[in-house]
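# Geometric and topological summary
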Amino acid sequence: MPTMAEEVLAAKAGREVVPGEFISVEPDWCLLHDGGFLAFRYLEEMSAGVARPGRVVVAFDHICPANSPETAGLQDYVREMVGRYGIENFFDCGCGICHQVMAEEFARPGDVIIGGDSHTLTAGALGAFAAGMGASDMAVLLATGEVWLKVPESIKVTVEGEPGAGVFPKDLALSIIAQLGPDGANYRAVEFHGSTVMDMDIPGRMTLCNMAAEMGAKTAMVPPDGRTAAFTGQRGVELTRRSPDRDAEYLEEMAFEPPSSPMVAVPHRVDDARSVEEVEGTEVDQVFIGSCTNGRLEDLEAAEGVIRGREVRARTLVAPASRRVLLEAAEAGLIASLARAGCVILPPGCGPCLGQHQGVLGEGETAFSTSSRNFRGRQGSPEAGIYLGSPATAAATAVEGRIADPRRYL
Amino acid sequence: MRVVGRVLRMGDHVDTDVIIPGRYLRTADPASLATHVFEPLGLDPADLAGRIIVAGRNFGCGSSREQAPLALKSAGVGCIVAESFARIFFRNAINVGLPAVECVRAGSADDGDELLVDLRAGRIENRTRGWVSAFEPYPDFVMEILEAGGLINRYRRGRDG
Ligand code: SF4
């Protein structure tokens, strides 16, 4: 039996595929964000057009709204290209992070999605084969409608066990990365299985797949089930494939349990994750709740549950992952509650995750972030330190002004 | 295709945020990217000209920014030899025409050693220490991309020729 990745790629290639072989496929979706200007510039240098404009999705999220005349100019350039090439799936400023938009609007089980961003694999939570690439690859994909891939070997990660109070998908992801290392899944397709994963809602599975980028995975996938069907249902998608416990050939099979405590990654490595007890009390200047990792409604709910009725001590920035998330959070009263507690509400998008606007860290500052990366200099000064954790831990930290165990607030 | 240069040693998991911080990504101009290479590490970009970077595991992990290998190339780095590469960085490096070679033995090269990397033959010679090591040569289509100076040039040539 093929693995999930092999099955999806075989369906696209129209024949059986084996790990290690090079194949050319026509992806269902080609995803770009405002950083996609480089791909369009290459496309112009190639004097090529866009082969399948209906299959291209462009969402502005990284530096949106623009923070400088240069950025504004680059975004205008992308808008012009989007118009020139007839790309109708265009989501301007404020619509949301490209990966969130992809999951909410387009991705389906069995799709192949290639995006110009390393967290493209987030859509694997819906059973798609989704992988990130750079600008040249994206340009050639735009021009030809095709991309070459090496069929990856697959790793099966099975997680069994009921997570305790305060332990969320982010904590599980950090715990797995701490055990596998930042290249533990390099070049591989990761398949997540087990009751812990299948009991997660789709946003939780998205967090898990998203963080697989931090183990180097090419793609990460969760077998589609009833929850997947419900999530993509409004798109009239039919679920065709797969039972989660079939017999496939994996390079490796690994079993994990949810960690017993909330996890926190300490500066400057994502895999340097410890239990919250070890870092509790560390003073924090800024807290960020958002990103393609943890900016969904369920994340804001978890954070608001902790913050509600209190006042935040740290500067706390909240960015919903999409306009849909913002609207749902507003309707549920979460936005008002967070703002009342002193949080700064940012527009849907990446926010301070990539260190360019909306909360850049100064020298010597310490941040707690629900995003995916804490590399040196990621959110501003190289002399700042970033801790990573779940929205609940971030919220408890915001309330106390120092890293705090969320279990005291649940 | 052969590259000769002096070694710059680096460790494991060198990430794209230290290669070129996000705030410099708003340009595609290779020359201006080159002036900020390794800024978070405090390295002088002028010191990268003619260098071969020899690194440990997972070089280039992190974001998909193609500006990372572009910045290294434009700062004059001739080749990167590492125990392993993060997959997107590896693809991007080839696509901008910067050779990236996986070789475990490379770890026994020191800062300043002179290396010769023969890409077609799959051979690294440490001229300072006198050892020779082999690596798996690239498949033909990868070699073609490198020899064309990158994927975009390769595409143009393919179409025009
Ligand atoms: S939220 Fe952060 S990690 Fe996600 S796409 Fe935006 S910049 Fe990248």
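Along every chain, residues carry numbers that run from 1 in the direction the sequence is written. Each chain takes a letter, starting from A, and each ligand takes a number, starting from 1, following the order in which they are written. pLDDT decides what is reported in this predicted model: residues at 70 or higher carry local features, side-chain atom pairs at 80 or more are listed and counted, and totals for whole chains, interfaces and linings draw on all residues regardless. Only hydrogens and water are set aside when side-chain values are computed; all heavy atoms of the structure are taken into account.

## Details of the nonpolar core
Here the nonpolar core consists of buried residues drawn from Ala, Val, Leu, Ile, Met, Phe, Trp, Tyr and Cys, with membership extended through side-chain atoms lying within 4.5 Å. Three exposure classes are used, based on accessible area relative to the maximum for each residue type with a 1.4 Å probe and protein chains only: buried under 20%, partly exposed in between, and exposed over 50%. Ranked by internal contacts, the top residues of the largest apolar core, which has 103 residues, are Phe40 of chain A together with Phe38, Ile53, Phe59, Leu72, Val81 and Val101 of chain B. Helix and strand definitions follow DSSP, with helices as H or I runs of at least four residues and strands as E runs of at least two, each counted in order from the N terminus. Per-element tally for this core: the top contributor is helix α5 (residues 135-144) of chain A, with seven residues. Between two residues, a contact is recorded if the distance between any of their heavy atoms is within 4.5 Å. In this view, Val81 of chain B contacts Ile52, Ile53, Val54, Ala55, Val101, Cys103, Ala106, Val117 and Ile124 of chain B; residues no more than four positions away in its chain are not counted. Counting 59 residues, the second-largest nonpolar core is a separate cluster that includes Ala123, Leu174, Met254 and Ala273 of chain A.

## Here's the deal with the interface of chain A and chain B
Counting residues at the interface gives 48 residues for chain A, matched by 38 residues for chain B. Here chain A and chain B share an interface that buries about 3500 Å² over both sides, 54% of which is from carbon and sulfur atoms. By salt bridge we mean one thing: a side-chain nitrogen of Lys or Arg within 4 Å of a carboxyl oxygen of Asp or Glu. The tally of links between chain A and chain B comes to three salt bridges. A salt bridge links Arg91 of chain B to Asp137 of chain A; its shortest N-O distance comes to 2.7 Å. Mapped onto the side of chain A that touches chain B, the elements with two or more residues apiece are α2 (37-45), α3 (69-84), β6 (129-132), α5 and β7 (147-150) of chain A. Ranked by residues supplied to the side of chain A that touches chain B, first place goes to α5 of chain A with seven residues. Under the convention adopted here, Pro, Cys and the residues Ala, Val, Leu, Ile, Met, Phe, Trp and Tyr are nonpolar, Asp, Glu, Lys and Arg are charged, and Gly plus all remaining residues are polar. When the residues that make up the side of chain A that touches chain B are grouped by side-chain class, the tally is 22 nonpolar, 15 polar and 11 charged. For any pair of parts, buried area is found by adding up, for both, the accessible area (1.4 Å probe) each one loses once the two are put together.

## Some thoughts on the side chain of Ser68 of chain A
Residue and element names in this part refer to chain A. Summarising the element assignment, Ser68 is placed in the loop between β3 (56-59) and α3. Ser68 gets classed as buried once you look at its relative accessible area, which sits at 14%. At 2.8 Å, the side chain of Ser68 and the side chain of Thr71 are in polar contact. Any pair of nitrogen or oxygen atoms within 3.5 Å is treated as a polar contact; in protein, a donor-acceptor pairing is required on top of that, and neighbouring residues in sequence qualify only through side-chain atoms on both sides.

## Remarks on the packing of helix α12 (residues 297-307) of chain A against helix α15 (residues 391-400) of chain A
Residue and element names in this part refer to chain A. Put simply, α12 and α15 touch, their axes get as near as 8 Å, and they point 30° apart. Accordingly, the angle class assigned to the pair α12 and α15 is roughly parallel. Here the hand of the crossing between α12 and α15 comes out right-handed. From α12, Asp299, Ala303, Val306 and Ile307 reach across to α15, where they touch Pro391, Ala392, Ala395, Ala396, Ala398 and Val399. Across the contact of α12 with α15, the residue classes tally to nine nonpolar, no polar and one charged. An axis is simply a line fitted to the C-alpha atoms; with a helix, the fit covers only the stretch in contact. Between two such axes, the angle follows the N-to-C directions and lies from 0 to 180 degrees. Any angle between 65 and 115 degrees counts as roughly perpendicular, while under 35 counts as roughly parallel, over 145 as roughly antiparallel, and the rest as oblique. Crossings are assigned a handedness: left-handed for a near helix turned anticlockwise from the far helix by less than a right angle, right-handed for a clockwise turn.

## Topic: a negative patch on the surface
Residues and elements named next belong to chain A. On the surface, Asp201, Glu298, Glu301, Glu328 and Glu331 cluster together into a patch of negative charge. Elements with a minimum of two residues in the negative patch: α12 and α13 (323-331). For Asp201, the position within the fold is in the loop between α7 (195-198) and α8 (202-211). A patch consists of residues whose relative accessible area exceeds 30% and which take part in no salt bridge; residues with like charges are grouped when within 9 Å of each other, and nonpolar side chains (Val, Leu, Ile, Met, Phe, Trp, Tyr) when within 5 Å. Computed by Shrake-Rupley with a 1.4 Å probe, the accessible areas treat only the displayed protein chains as cover when residues are assessed. Here Asp and Glu are counted as negative and Lys and Arg as positive; His is not counted, and neither are the chain ends. Lys charges are placed at NZ, Arg charges at CZ, Asp charges at CG and Glu charges at CD.

## Observations concerning the state of the cysteines
Residue and element names in this part refer to chain A. Sulfur atoms of two cysteines make up a disulfide when they are within 2.5 Å. Within this structure, the stated rule accounts for zero disulfides over all chains. Cys30 forms no disulfide, and the closest cysteine sulfur to it belongs to Cys98, at a distance of 11 Å. As a non-bridged cysteine, Cys209 has Cys292 as the owner of its nearest cysteine sulfur, 12 Å distant. Residue Cys209 is classed as buried on the basis of its relative accessible area, which comes to 0%.

## Some remarks on the domain arrangement of chain A
Residues and elements named next belong to chain A. Domain extents, as shown, originate in an automatic or database domain assignment. Along its sequence, chain A is carved into domain 1 (1-12 + 22-149) and domain 2 (264-408). Between domain 1 and domain 2, the contact holds 18 residues from the first and 19 residues from the second. Here domain 1 meets domain 2 over a buried area of about 1600 Å², counting both sides, of which 54% is carbon and sulfur. For the interface between domain 1 and domain 2, the tally reads two salt bridges. In this structure, the connection of domain 1 to domain 2 is made through 10 residue pairs in polar contact (both at pLDDT 80 or more). By residue class, the composition of the side of domain 1 that touches domain 2 is six nonpolar, nine polar and three charged.

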